[in-house]
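# Architecture and fold: a report
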Amino acid sequence: MAMAALRREGRRFATPLISPNPANVLRSSLIPSEEPVLSGVRCISTQVVRNRMKSVKNIQKITKAMKMVAASKLRAIQTRAENSRGLWQPFTALLGDTPSVDVKKNVVVTISADKGLCGGINSTSVKISRAMHKLNSGPEKENKYVVLGEKAKAQLVRDSKKDIELIMTELQKNPLNYTQVSVIADDILKNVEFDALRIVYNKFQSVVSFLPTVSTVLSPEVVEREAQSGKLGDLDSYEVEGAETMAEVLQNLTEFQFSCVMFNAVLENATSEQGARMSAMDSSSRNAGDMLDRLTLTYNRTRQASITTELIEIISGASALEG
């Protein structure tokens, strides 16, 4: 009678916890299966939560380290970006910056990062570039892309591969300097025909904000035409020294203006990238901390439930034997 009562109480309290075949329990605990094990060892659930907590802790360490690296890079490049803003401002005062100018050959220069994990900074540049391409399109107009950065390349190749004229990546493999950027600008001027260059980049404002910006560089012919129509400054009021003509001076000014604007744009975008990555890694670290708190609570509850179940089984068995 006592054994029958023990069996009844055992079925009542431990049916989902005790497998009728111990060999299957051992095999299920040692060999991972794709199907959930409903009847098995109780420590499996706590072990899964413990492994998950360990993974989240490792991810949190990585995101904190990436935040520190981004902060150090940000401090190093922010000062250079702010100092480079004085290079292109005299050209804007002399040649103007007219994004609404109507020309036939438009080239959109999209500047992005080579790496991800920096929020939506790269998607923003691509979105603005597509908008500029669509805005300046027409039956008698020609629109092309020049892509700088792996992330913009990956997005624009999907739907605008035939419009991409030139692709350059790994710009930040070495520390950025004016010589490196001027070589890139010279390659663009030699290989791309244009009436207007639309440079799309992200201007750094703070660690948590950046401003999508479009700078326009016109060809010498368009500059001369716009100056004659009165939309730009009066270039004839300046004296040209030496044997160079106005066309040659405008050609040299356009090349120098493009290299200066490109240098500032690359530095601004790199600074915005590090700021966005720093902010993204900070958010990821805080999210990992919140997830770790929830997993700790789940682990403690599961462990307490396991202990309570074991106590119930022991008390029930003892009561059945005494009865």
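Preceding this section is the structure that the text describes.
Description of the structure in this document.

Rules used throughout
- Throughout, a residue's number is its position along its own chain's written sequence, starting from 1.
- A pLDDT threshold of at least 70 governs which residues receive local features in this predicted model, and a stricter bar of 80 or more applies before side-chain atom pairs are shown or counted, although totals over entire chains, interfaces and linings include all residues.
- Side-chain calculation: all heavy atoms of the structure are included, whereas hydrogens and water are not.
- In DSSP terms, a helix is any run of H or I states spanning at least four residues, a strand is any run of E spanning at least two, and both are numbered starting from the N terminus.
- For every residue, the accessible area obtained with a 1.4 Å probe (protein chains only) is divided by the maximum for its type, and the residue is called buried under 20%, exposed over 50%, and partly exposed between those limits.
- Any two residues whose heavy atoms approach within 4.5 Å at even a single point are treated as in contact.
- Areas reported here follow the Shrake-Rupley algorithm with a probe of radius 1.4 Å; residue values treat only the protein chains shown as occluding.
- When we speak of the arc, we mean the arc of directions from the helix axis to the C-beta atoms.
- Should DSSP find at least two bridges between two strands, the strands are taken to pair.
- Interaxial angle, 0 to 180 degrees, is taken between N-to-C directions of lines fitted to C-alpha atoms, where a helix line uses only the stretch in contact.
- Angles below 35 degrees are treated as roughly parallel, those above 145 as roughly antiparallel, those between 65 and 115 as roughly perpendicular, and all remaining angles as oblique.
- Crossings are sorted by hand: turned counterclockwise from the far helix by less than a right angle, the near helix makes the crossing left-handed, and turned clockwise it makes it right-handed.
- Residues are sorted three ways: Asp, Glu, Lys and Arg are charged, Ala, Val, Leu, Ile, Met, Phe, Trp, Tyr, Cys and Pro are nonpolar, and all the rest, Gly among them, are polar.

Glancing now at the overall build of the protein chain. Helix and strand content of the protein chain: eight helices and five strands. Taken across its 323 residues, the protein chain has 37% of its residues classed as buried. In the protein chain, the proportion of contacts linking residues at least 24 apart, taken out of those at least 6 apart, comes to 76%. Accessible area for the protein chain stands at about 19000 Å²; split by element, carbon and sulfur atoms hold 55% of it.

This part takes up helix H5 (residues 150-160). Each turn of an α-helix holds 3.6 residues, which means side chains three or four residues apart point in the same direction. For H5, every residue scored as buried is listed here: Ala 152, Gln 155, Leu 156 and Ser 160. Taken around the axis of H5, the buried residues stretch over an arc of 95°, which confines them to a single face. Structurally, H5 contributes buried residues whose contacts are with strand E1 (105-111), helix H4 (121-135), strand E2 (142-148) and strand E3 (164-168).

All right, on to the sheet that holds strand E5 (residues 209-218) then. Hydrogen bonds between backbone atoms are what pair the strands of a sheet, whose relative direction is either parallel or antiparallel. The five strands lie next to each other as E3-E2-E1-E4-E5, forming an open sheet whose pairing is mixed. This sheet does not close on itself; its edge strands, each paired only once, are E3 and E5. The mean angle between the axes of side-by-side strands here comes to 20°, regardless of whether they run parallel or antiparallel. Against the sheet, helix H6 (residues 178-191) touches E2, E3 and strand E4 (196-206), its axis set at about 160° to E3.

Another point: the packing of H6 against helix H8 (residues 246-322). Between H6 and H8, the least distance of the axes is 9 Å, while the angle of their chain directions is 125°. Classified by the interaxial angle, the pair formed by H6 and H8 is oblique. Of the two elements, H6 crosses H8, and the hand of that crossing is right-handed. Facing Tyr 178, Val 181, Ser 182, Ile 184, Ala 185, Ile 188 and Leu 189 of H6, the residues of H8 in contact are Glu 255, Phe 256, Phe 258, Ser 259, Cys 260, Met 262 and Phe 263. Across the contact of H6 with H8, the residue classes break down as 11 nonpolar, two polar and one charged.

Everything listed here is a matter of geometry and, on its own, says nothing about what the molecule does.
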